[in-house]
Number of protein chains: 2
Amino acid sequence: MEEKEISQAVVSRLPRYFRYLGELKDEGIERVSSQELSDIMRVTASQIRQDLNNFGGFGQQGYGYNVGYLYDEIGKILGLHKEHNLIIVGAGHLGQALVNYMNFERRGFMFRGIFDQDTRLHGMQIRELTVQPMQEIEQFVRANNIDIAVLTIPKASAVEVAEQLVSYGIKGFWNFAHVDLHVPDDIQVENVHLSDSLMKLSYNLASHSGLTKLSTN
Amino acid sequence: MEEKEISQAVVSRLPRYFRYLGELKDEGIERVSSQELSDIMRVTASQIRQDLNNFGGFGQQGYGYNVGYLYDEIGKILGLHKEHNLIIVGAGHLGQALVNYMNFERRGFMFRGIFDQDTRLHGMQIRELTVQPMQEIEQFVRANNIDIAVLTIPKASAVEVAEQLVSYGIKGFWNFAHVDLHVPDDIQVENVHLSDSLMKLSYNLASHSGLTKLSTN
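Values in this document were obtained by computation on a predicted structure and should not be read as measured data.

Peer 1: Would you mind showing me how to read the pairing of strand 9 (residues 172–175) of chain B here?
Peer 2: A regular strand carries its side chains on alternate faces of the sheet. Residues and elements named next belong to chain B. Side chains Gly-172 and Trp-174 project from strand 9 onto one buried face, and the interleaved Phe-173 and Asn-175 project onto a second face that is buried too. With four bridges joining them, strand 8 (residues 148–151) and strand 9 adopt parallel strand pairing. Looking across to strand 9, one finds that Ile-148 is bridged to Gly-172. In the classification by handedness, the crossover that spans strand 8, the intervening helix 8 (residues 155–168) and the parallel strand 9 is right-handed. With four bridges connecting them, strand 9 and strand 10 (residues 188–191) associate as parallel partners. From the neighbouring strand, Phe-173 faces strand 10, where its bridge partner is Val-189.

If you want it as structure tokens, here you go:
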């Protein structure tokens, strides 16, 4: 694949294409036109063509897209052909919920270990994982080729823990702590700030209720 | 407050301002310049001035921003001065984790009920809530002035359940199901698609690893 500049806006839409194509594939559908894809995804056909053109000519005039091929190609672009080894830092309710959600593993995101500083949780079994003390992280990360750390710890400790994890070789963070991490530029961070998301919902509810008269674009 | 057009991009940044101002407030800091705010938030001072100007003149030349006042005003803009009544549909690991996360209630998002179709979960206690059967939802939503439904159910049932909930009077969805809901335009939906988020992280890891040569803007 040749070098290209892909905007984060396009990148953000790729998982949604991947999801819809996966569903078509599961239904046994072999080809789809950009107009059909447009109807089910509720975005314009021209947006679809434009997005997918970023990655070369997947579509053929008069034929449309080959579902299985496009699905596989987008999967490769998203890096899903490669397995990732993850640890979870923070074995509270959210950390446990993530380990128990099997769908991530179907996509190659393999949870290899879970850690917590709370001694009462040590030894607890969550599916096939055993909660380990924080002191074990460094050796574990180095020994098991861990590339992603999932942070489900309080924000007070997240920044410091992230810095340590970078020094152990972690390349990416899936950060649920409600704080911005400070990591070098070559380290990738994807934030899931649940409170922010709920506040956006609250804003949109308020601005459409007629109580406050703000309206959105 | 007068009528204004606020872009969703600005709206998306408001919770982050709110978070940083809350931290300054907790530290007892009473005023902050846009330059200081810029340094800690790592966005440009001009971006901050521009964003906050959407909501009127919070800042004063030579003084900066009054932290407490700005915090309160952004809270109001976000609709946080008003309590929301929420139900959770789906009492699995994720639903339980959300109920157990107390910080949402501090912001006025009150979990009033939790429902599941799995009879084995009925009667289970999660903090002060008891898991109820799905058949109870309609009466509960109408009787308890519920405005937000949190969907932590599999995607197969989410679309249909959302349609029913709209007919019961639900105004907003916090949707964790990995599917796009089809609801009327006056109903607000905030999606948390965890798999999509993880795929974005995977893309950014792949595009920076030098293995694939895609690079991001």
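Peer 1: Is there a simple way to think about the interface of chain B and chain A in this case?
Peer 2: Accessible area lost when the parts come together is the quantity often used to give the size of an interface. Opposite the 69 residues of chain B that make contact, chain A presents 69 residues. Summed over both partners, the interface of chain B with chain A comes to about 6,600 Å²; 61% of that surface belongs to carbon and sulfur atoms. Sorting the residues of chain B by area buried against chain A places B:Arg19, B:Leu198 and B:Met199 first, and these three jointly supply 10% of that buried surface. Joining chain B to chain A, the criterion identifies 10 salt bridges. Taking the shortest distance from any N to any O, the salt bridge between B:Lys155 and A:Glu23 comes out at 2.9 Å. Connecting chain B to chain A are 27 residue pairs in polar contact (both at pLDDT 80 or more). Of the residues forming the side of chain B that touches chain A, the biggest block, 14 residues, is contributed by helix 9 (residues 194–208) of chain B.

Peer 1: What am I meant to see in helix 2 (residues 34–41) of chain B here?
Peer 2: For the α-helix, the turn length of 3.6 residues means that residues three or four positions removed from each other point alike. Residue and element names in this part refer to chain B. Along helix 2, the residues that are buried comprise Ser-34, Leu-37, Ser-38 and Met-41. All buried residues of helix 2 project into a common sector of 105° when viewed along the axis, lining one side. The secondary structure elements touched by the buried residues of helix 2 are helix 1 (8–26), strand 2 (31–32), helix 3 (45–53) and strand 3 (65–66). Downstream of helix 2 by one or two residues, Arg-42 has phi in the positive range, about 55°.

Peer 1: When you look at the pattern of salt bridges in this model, what are you seeing that I'm missing?
Peer 2: Side chains that carry opposite charge are capable of pairing whenever their charged atoms lie near each other. As enumerated under the stated definition, the model contains 26 salt bridges over all chains in all. A:Lys82 is the partner of A:Asp147 in a salt bridge, and the nearest nitrogen-oxygen pair spans 3.9 Å. Within this pair, whereas A:Asp147 is found in the loop between helix 7 (137–143) and strand 9 (148–151), its partner A:Lys82 is found in the loop between helix 4 (67–77) and strand 5 (84–89), the two being separated by 65 residues in sequence. According to the relative accessible area criterion, A:Asp147 is buried, its value standing at 13%. The network of salt bridges with common partners includes A:Arg16, A:Arg19, B:Asp180 and B:Asp196.

Peer 1: How should the sheet that holds strand 10 (residues 172–175) of chain A be read in this particular structure?
Peer 2: Strand pairs in the sheet, formed through backbone hydrogen bonds, run parallel or antiparallel to each other. Residue and element names in this part refer to chain A. As summarised here, the arrangement of the seven strands in space is 7-8-6-5-9-10-11, forming an open sheet in which the pairing is mixed. At either margin of the open sheet sits one strand with a lone partner, and together these are strand 7 (125–126) and strand 11 (188–191). Contacts from helix 5 (residues 93–100) reach strand 5, strand 6 (109–116), strand 7, strand 8 (129–133), strand 9 and strand 10, with the element oriented near 155° to strand 6. This element, helix 8 (residues 155–168), spans strand 5, strand 9 and strand 10 of the sheet and lies at about 170° to strand 9.

What counts, and at which threshold
- In this convention, every chain numbers its residues from 1, walking through the sequence in written order.
- Here every chain gets a letter starting at A, and every ligand a number starting at 1, in the order they are written.
- Only residues with pLDDT of 70 or above have their local features reported here, since the model is predicted, and side-chain atom pairs are shown and tallied only from 80 upward, although totals for entire chains, interfaces and linings are computed over all residues.
- The side-chain quantities take in all heavy atoms of the structure and omit both hydrogens and water.
- Here the term buried applies to any residue with accessible area under 20% of the maximum for its type, exposed to any over 50%, and partly exposed to those in between, with areas from a 1.4 Å probe on protein chains only.
- Secondary structure is summarised from DSSP: a helix means a run of H or I of at least four residues, a strand means a run of E of at least two, and numbering begins at the N terminus for each.
- Two strands pair if DSSP finds at least two bridges between them.
- Orienting the strands away from the viewer, one traces the path from the first strand over the helix to the second; a clockwise path indicates a right-handed crossover.
- Pairs of residues are marked as contacts when any of their non-hydrogen atoms sit within 4.5 Å.
- Joining two parts hides part of their accessible area as seen by a 1.4 Å probe, and the buried area is that hidden amount summed over both.
- A side-chain nitrogen of Lys or Arg and a carboxyl oxygen of Asp or Glu constitute a salt bridge if their distance falls within 4 Å.
- Polar contacts, as used here, are pairs of N or O atoms within 3.5 Å; protein pairs need one atom able to donate a hydrogen and one able to accept it. Residues neighboring in sequence count only if both atoms are side-chain atoms.
- Think of it as the arc spanned by the lines of direction from the helix axis to the C-beta atoms.
- Fitted lines through C-alpha atoms serve as axes, helices being fitted only where they are in contact, and the angles separating the N-to-C directions of these axes extend from 0 to 180 degrees.

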